[in-house]
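The primary structure of each chain is shown beneath.
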Amino acid sequence: MPDEPLRTTTFLLTRADALAFEQASSRLTPLGTMALVLWLGLCGSAAWLIPSDWAGMRFGWSFSILTSIVIAIGYVLVLLAMSFRQWWRAGRRIRRPQEITLTEHRDRLEIVGAGMPRELRLVDIRESILTRTHLFLVSDDGVLMLPRNAFPEEGVAEALAARIAGRPAPQPAAISAG
């Protein structure tokens, strides 16, 4: 039969999978980069508010080290804020663990989870993000998160990502005898 499924996989999606997506898809926009530079500049200029009897002579070694420490603290605060935002968004994306059944066909994926079956055609996928632990498929309807450990065979995620991109699947390395 031409419409026979290639494989059917059932797996559990957790908040950790959503957090992995948030971390993989987070990109700093040009406006975000400018805001980061301005924030770090503000942190560096805050060092000028420290009294000179405590910070040492302006433009001296102790003042430069103190300024660097204040900028580093500002950068750590930005990293903490970004991490908290990713954690919060992951919690909103998946509130409790969900069991997902994925049926893979040649031209589409059928997803059954949380009581709502849906179909995702491969041509409707805008972006596929392949990481060390997951394959994320981004479409107009949302994100499909596929953990690599959900597939018992090795190389399934790479083959699916290659099929979505329209490339031939990567071949496993041959072991030469000799």
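In the block above lies the structure referred to throughout.
> Just checking my understanding: could you explain the overall build of the protein for this structure?
A count of helices and strands for the protein gives five helices and seven strands. Along the chain direction, N to C, the helices and strands of the protein fall in the order β-α-α-α-α-β-β-β-β-β-β-α. By the burial criterion, 33% of the 178 residues in the protein qualify as buried. Here the contacts in the protein between residues at least 6 apart in sequence split such that 55% fall between residues at least 24 apart. Entry remark: accessible area of the protein is about 12100 Å², with carbon and sulfur atoms responsible for 61%.

> I'm lost on the environment of Leu 120 in this one. Help?
Following the sequence through the fold, Leu 120 ends up in strand β4 (residues 116–121). Considered as a pair, Leu 120 and Asp 141 are 21 residues apart in the sequence and their alpha carbons are 8.9 Å apart. Leu 120 has contacts with Arg 108, Leu 109, Ile 111, Ile 125, Ser 139 and Leu 144, leaving out every residue within four places of it along the chain.

> How should the packing of helix α2 (residues 30–46) against helix α4 (residues 61–93) be read in this particular structure?
Packed helices, taken two at a time, are described by the angle between their axes plus the distance between the axes. At a closest axis distance of 8 Å, the pairing of α2 and α4 adopts a crossing angle of 140°. For the element pair α2 / α4, the angle class is oblique. At the point where α2 passes α4, the crossing takes the right-handed sense. Contacts between α2 and α4 involve Leu 36, Trp 39, Leu 40, Cys 43 and Gly 44 from the first element and Thr 67, Val 70, Ile 71, Gly 74, Tyr 75, Leu 77 and Val 78 from the second.

> Mind showing me how you'd approach the pairing of strand β5 (residues 125–130) here?
Sheet topology places β5 next to strand β6 (residues 134–139); five bridges connect them, and they run antiparallel. Considered in β6, the bridge of Leu 130 is made with Leu 135. The turn linking β5 back onto β6 is made up of three residues.

> When you look at the sheet that holds β5 in this model, what are you seeing that I'm missing?
Pairing between the strands of a sheet is mediated by backbone hydrogen bonds and can be parallel or antiparallel. Strands sit in the order β5-β6-β7 across an open sheet of three strands; the sheet is antiparallel. Looking at strand neighbours, the two that pair on one side only are β5 and β7 (142–147), the edges of this open sheet. Put simply, the sheet's adjacent strands are angled 15° from each other on average, direction ignored. Inspection of the sheet shows β6 paired to β7 by six bridges, in the antiparallel sense. The partner of Ser 139 across the bridge, within β7, is Gly 142. Here helix α1 (residues 15–25) sits on the sheet in contact with β5, β6 and β7, set at roughly 70° to β6.

What counts, and where the lines are drawn
- Residues numbered from 1 in each chain as written.
- Predicted model: local features only at pLDDT ≥ 70, side-chain atom pairs only at ≥ 80, totals over all residues.
- Heavy atoms only, no water.
- Helix = DSSP H or I, 4+ residues; strand = E, 2+ residues; numbered from the N terminus.
- Buried < 20%, exposed > 50% of the residue type's maximum accessible area, 1.4 Å probe, protein only.
- Contact = heavy atoms within 4.5 Å.
- Areas by Shrake-Rupley, 256 points an atom, 1.4 Å probe, with all protein chains shown as cover.
- Axes fitted to C-alpha atoms, helices over the stretch in contact; angles between N-to-C directions.
- Parallel < 35°, antiparallel > 145°, perpendicular 65-115°, else oblique.
- Left-handed = near helix turned anticlockwise from the far one by under 90°.
- Pairing = 2+ DSSP bridges.

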